[in-house]
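Each chain, letter by letter, is given below.
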Amino acid sequence: MKKCLIQIIFLLLVFTAVVCGDTGLVPFVIPSETNPNSVISFEYKPLTANDQLIARDSHFYNKNGDRVRLWGVNLSFGSNLPRKEDAAMVAKRLAAAGVNTVRMHHMDSANFPRGIWDRKTGKTFAPEALDRLDYFIDQLAKHGIYVNLNLHVGREHSSHLGLPKIDETYDKMISIFTPKLIDAQKQYAQDLLGHTNKYRKIRYSDDPAIAIVEITNENSLFMWSAPQVLPNLPDYYAQILQAKFNDWLIKKYRNEANMLKSWTADNEPLGANVLRQYDFSSTQDTSSIEKHWTLEQHSGCKAELKLDNHQGRESLFIKPVKTDNTGWHLQFNQRNLNLIKGKSYTIEFEAVATQPRNIDISVGQAHDPWQNLGFSRQCKLTEQWQNYRYSFTASDNDDNARLNFSFGNDAKEFYLTNIKLYPGVQYNLNPEESLAKKNIKVFANLESRQRLQDRLMFLAETEKEYFDDMYKFIKKDLKCKAMVTGTIVFGPLGLYAQSDMDFIDAHAYWQHPHFPGKPWDSGNWLISQKAMSDYPEQATLPKLAASRLANKPFTVTEYNHPAPLDSQAECVPMIASYGAAQDWDGLWLYTYSHTADSWDRQNLNSYFDIDSNPGKWGFMFSATAIFRDFGIERLKSTYCYDLKNLAKCAQMHHIYNSNMGKMIVQESENNNNIFTDSAIAVNLTSNAIPAKPGQTKINWQVENNNGCYFISGQKAWALSGRAEQIKTATNGKINLDAPGFCAITIVTLDNKAIEQSKKILITACGRCENQNMIFSDDRRTVGVNWGQAPVSIEPVQAKITLPNGKWKCNILKPDGTIKKQFLLQSNILELSPEYQTMWYLLQR
């Protein structure tokens, strides 16, 4: 008997450790099939012809004249093509959570069943893929869910056409100006949008359920890799782009004399070298280098420096000892340089490699936030000594700038010497360049301000021509009724290129996984354990707001704070509430799932999938009330920055690159509160439509590195952050006892103000993890050790003051049904881990 009692006690202790344990986590698996008795599920109606969406007056409307906000998720790869027996279940679960749109992403990236292409040929659509897609779209429409069809995402048409490869995936950039690749994209669009859905008996182009068509994903001549990729294109693509550039120059200047007069107008005499050590005499001691130069070694990468005489030149020998696929993991730089905004500078150095290789050269800040200051270029080193000379114009003032060489992505050894940085510049054409011969290079090492301005404007016009042509082909030639956008915004010039689309789009991720070795290596990745609530100055939300174009609807079609961030629960409340306060028109979380065969999964399986992540999916219901149903109104004021024209776009792009958030702050006289005080837009015309003011307030405060994001509307609250800051921000209405960080939403489900509402849903969550996840000591990775089901949440212990009244509290199960009911004895609700829930439904 005693032995039996001991075993029972042991089992109870084990059970307690599993359920709550030292981690404070409890299982909370939201089932894949919707429970018809859920008390928080949303109703839905099938889409009809009157639900066809149009873009007008800065927003989306249906044919009845009702404004529509799109609130949804991405579907990636195989999840776009579920089996017929799963399609209705998936659509119903999405609709029950309030989702009214899905974005079909990466459908073109693989053969069936992960994509749309036939496995035998890889060149035609797989019949079963089309059948599944038709059926799924029909099920989505029956559940009131619009479709956003992505055309070009991952398809590399170049490989199927026998064209050269470039140093970027998915034909990015080259697909914008290469005729054969543009023709291939048009053919894909025609084949897909011209297809008739056999279940709906209507062409995709005519179907009101196909609300949006995106031309290409994250693809621009101004994207993150453009400064390295475009100047080093294979000849086939470089010649196409150069021919377009020379035609553009002839149209603008008519002859070379006019062009040179403009390009050399701002020549300046070269000043003295500002670098403190520029030659590397082998008679010096190696330690002398450390007085002026810094060798940075990150993520386990290593390099050695040695003074040497190589082929008769005193030089610095740089030997990468351990490398990976990330250039900045090894850097050699000189800091504390003083740069003056708008002033021209010349960089010069000599280099040779033991084998051909590339290094990246840049000038940027030597301090947080490490922004570029006007120069970034990839340099090709050969086995022969060469002199390299570049020019740039400083995009900002900085007294702690650095000249930086990055080389961590290649183990080949190289030498540097005679490194110089001069104020001033002397521009001229290279001897072989001639406008008459149409061989003026698009990218020149020595580039005057006007030549830079011309290059930027040419690239912007080339990009806009592509998107306008594709738009016309889809809307006119294919007679597609869907709203069309091109791609996301990449800075002022990217915004200019998108300015004639039906709406403007953007993407953002907070703490996207970083892969120090091979890209997308599931066993070698890192995240930074930082809550965005603690870092408003680095946050994604203001940068998104600055991408909006006045008079156009604005969407964010990809957003996430990836697992396993301890703060990932802040993701959905922050984007939904901020998007509502900015009065945006569509939000899509990335991503619901990547596969079509694991809908019943009960654990986190990756950084992005949210279908089995209660830290995100658990907030979808309250976020529907906040964003889709206008639970949070627009901010009180509006700020519109006037970019005026293409020339100013180019000037601002050179200064700020893609950081339009910084542009808005600095151009508004350093008003750092502008993104929490005002709804933001950028204007390219003189007839911006004035916006109606709202009532919402955003309070985003940080004290001693502990922050709180708090947004309060009449029908909803959303907040995330630390205990003491939450108490202060809410004037004591929310007292958080545990955990130290959490996210909370309070929304009404009867479309009434909180003070008058009789039905309020409170959602609260701290961390979200699987069982037995194995974190690194710094909690920056779990590698492949994601653990097992069931997924668990960290429940919240807090006291929340409700409006006066006789309140009944319903503790909800993960399926949305009632687990426990009780009457409150006062207007204080106590959230407690003992309830093992994140959902509290209050009624009076």
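Keep in mind that what you see is a predicted model, and the values were worked out from it rather than measured.

Q: Explain the sheet that holds strand β18 (residues 398–406) to me, and be specific about the residues and the numbers.
A: With antiparallel pairing, five strands are arranged side by side in an open sheet as β10-β13-β18-β15-β16. Every other strand in the sheet has two partners, leaving β10 (294–297) and β16 (372–381) as the edge strands with one partner each. Taking the axes of each pair of neighbouring strands and ignoring which way they run, one obtains an average angle of 25° across the sheet. When β10 meets strand β13 (residues 330–339), the two strands line up antiparallel, connected through four bridges. Its bridge partner lying in β13, Glu296 is registered against Gln331.

Q: Which residues make up the side chain of Arg69, and what are the values?
A: Note on placement: Arg69 falls in the loop between β3 (59–61) and β4 (70–76). Overall, Arg69 belongs to the buried group, its relative accessible area being 2%. Side-chain polar atoms of Arg69 contact the side chain of Asp583, separated by 2.7 Å. Setting aside anything within four residues of it in sequence, one finds Arg69 in contact with Asn100, Ala580, Asp583, Trp584, Asp585, Ile626, Phe627, Arg628, Phe630 and Ile632.

Q: Please set out the nonpolar core residue by residue, giving values where relevant.
A: Among the nonpolar cores identified, the biggest contains 183 residues, and Leu94, Ile116, Leu192, Trp584, Trp617 and Ile664 are the most heavily contacted of them. With 12 residues, the single largest contributor to this core is helix α10 (residues 449–477). Dropping the residues within four chain positions of it, Leu192 is found in contact with Met107, Ile116, Phe125, Leu133, Leu149, Leu151 and Tyr204. In this structure, Cys301, Leu339, Phe407 and Leu421 belong to the second largest nonpolar core, which totals 37 residues.

Q: Help me get a handle on the layout of surface pockets, residues and values and all.
A: The computed volume of the second largest pocket comes to approximately 690 Å³. Forming the walls of the second largest pocket are 26 residues, and the residues nearest its centre are Pro231, Asn232, Lys441, Phe443 and Asn445. Counting residues per element, the lining of the second largest pocket draws most heavily on helix α8 (residues 235–253), at five residues. Across the lining of the second largest pocket, the residue classes break down as 11 nonpolar, 10 polar and five charged.

Q: Give me helix α6 (residues 179–193): which residues, what numbers.
A: The end-to-end C-alpha distance of α6 is 21 Å, a good match for the 21 Å that 15 residues give at a rise of 1.5 Å each. Listed in full, the buried residues belonging to α6 are Leu181, Ile182, Ala184, Gln185, Lys186, Tyr188, Ala189, Leu192 and Leu193.

Q: For the sheet that holds strand β21 (residues 504–509), give the residues involved together with the corresponding values.
A: A sheet is described by the order of its strands in space; here eight strands give the open sequence β20-β9-β6-β5-β4-β23-β22-β21, paired in parallel fashion. Edge strands, defined here as strands with exactly one partner in the open sheet, are β20 (483–485) and β21. Neighbour-to-neighbour, the strand axes of this sheet turn through a mean angle of 25°, independent of strand direction. As paired strands, β4 and strand β23 (residues 586–593) are joined by five bridges and run parallel to one another.

Q: How would you sum up the side chain of Asn827? Please name residues and give values.
A: By secondary structure assignment, the location of Asn827 is in the loop between β36 (818–823) and β37 (828–831). A distance of 3.2 Å separates the side chain of Asn827 from the side chain of Asn804, its partner in a polar contact. The contact partners of Asn827, leaving out residues within four places of it in the chain, are Ile800, Thr801, Leu802, Pro803 and Asn804.

Q: Could you give an account of the pattern of salt bridges, with specific residues and numbers?
A: Per the counting criterion, the structure on display carries 44 salt bridges. Of the charged contacts in the structure, one is a salt bridge between Lys165 and Glu156, with a shortest N-O distance of 3.9 Å. Take Glu156: its relative accessible area is 22%, and that puts it in the partly exposed class. Note that Arg767 and Glu769 form a salt bridge whose closest N and O atoms lie 2.5 Å from each other. One continuous salt-bridge network, built from bridges that share partners, spans Arg67, Arg69, Asp583, Asp585 and Arg634.

Q: Pulling in residues and values, what's your account of empty space enclosed by the protein?
A: Within this structure, the stated rule accounts for five cavities of 30 Å³ or more. Of the pockets and cavities examined, the largest cavity occupies roughly 130 Å³. As for the largest cavity, its lining consists of 17 residues, of which Ile30, Thr34, Ser41, Phe621 and Asp815 are closest to the centre. Across the lining of the largest cavity, the residue classes tally to nine nonpolar, five polar and three charged. Of the voids in this model, the second largest cavity is the one considered here, and its volume is about 50 Å³. Taken together, Leu260, Trp263, Thr264, Tyr427, Asn428, Leu429, Leu446, Glu447, Ser448 and Arg451 make up the full set of residues lining the second largest cavity. For the lining of the second largest cavity, a count of residues per class yields five nonpolar, three polar and two charged.

Q: Describe the packing of aromatic side chains, and please don't skip the residues or the numbers.
A: To describe a pair of aromatic rings, you give the distance between the ring centres and the angle between the ring planes. Taken as a whole, this structure holds 43 aromatic pairs when the rule is applied. Considering the side-chain rings of Trp293 and Phe332, the 4.7 Å spacing of their centres and the 5° angle between planes classify their relative orientation as stacked. On the criterion of sequence distance, the pair formed by Trp293 in the loop between α9 (256–263) and β10 and Phe332 in strand β13 is long-range, its members being 39 residues apart. A relative accessible area of 0% means that Phe332 is categorised as buried. Residues Phe317 and Tyr415 carry aromatic rings whose centres are separated by 4.9 Å and whose planes lie at 35° to one another, so their mutual orientation is tilted.

Q: Account for the pairing of strand β15 (residues 357–365), naming residues and giving values.
A: Among the nine residues that make up β15, seven are buried, leaving the element largely enclosed by the rest of the structure. When β15 meets β16, the two strands line up antiparallel, connected through eight bridges. Across the sheet, residue Gly364 finds its bridge partner in β16, namely Asn372. Linking β15 back to β16 in an antiparallel pair, the connection comprises six residues, with Trp370 at a positive phi of about 60°.

About the cut-offs
Residues numbered from 1 in each chain as written. Predicted model: local features only at pLDDT ≥ 70, side-chain atom pairs only at ≥ 80, totals over all residues. Heavy atoms only, no water. Pairing = 2+ DSSP bridges. Helix = DSSP H or I, 4+ residues; strand = E, 2+ residues; numbered from the N terminus. Axes fitted to C-alpha atoms, helices over the stretch in contact; angles between N-to-C directions. Buried < 20%, exposed > 50% of the residue type's maximum accessible area, 1.4 Å probe, protein only. Polar contact = N/O pair within 3.5 Å; in protein donor to acceptor, adjacent residues only side chain to side chain. Contact = heavy atoms within 4.5 Å. Core = buried A, V, L, I, M, F, W, Y, C linked by side-chain atoms within 4.5 Å. 1 Å grid on protein atoms, 1.4 Å probe; cavity = no way out; pocket = protein on both sides within 12 Å on 5 of 7 lines; lining within 4 Å. Points joined across faces, edges and corners; volume = space filled by probe spheres on them. Nonpolar A, V, L, I, M, F, W, Y, C, P; charged D, E, K, R; others polar. Expected span 1.5 Å × (residues − 1). Salt bridge = Lys/Arg side-chain N within 4 Å of Asp/Glu carboxyl O. Phe/Tyr/Trp six-rings, centres within 6.5 Å; stacked < 30°, edge-to-face > 60°.

Note that all results are geometric; they support no functional claim without further evidence.
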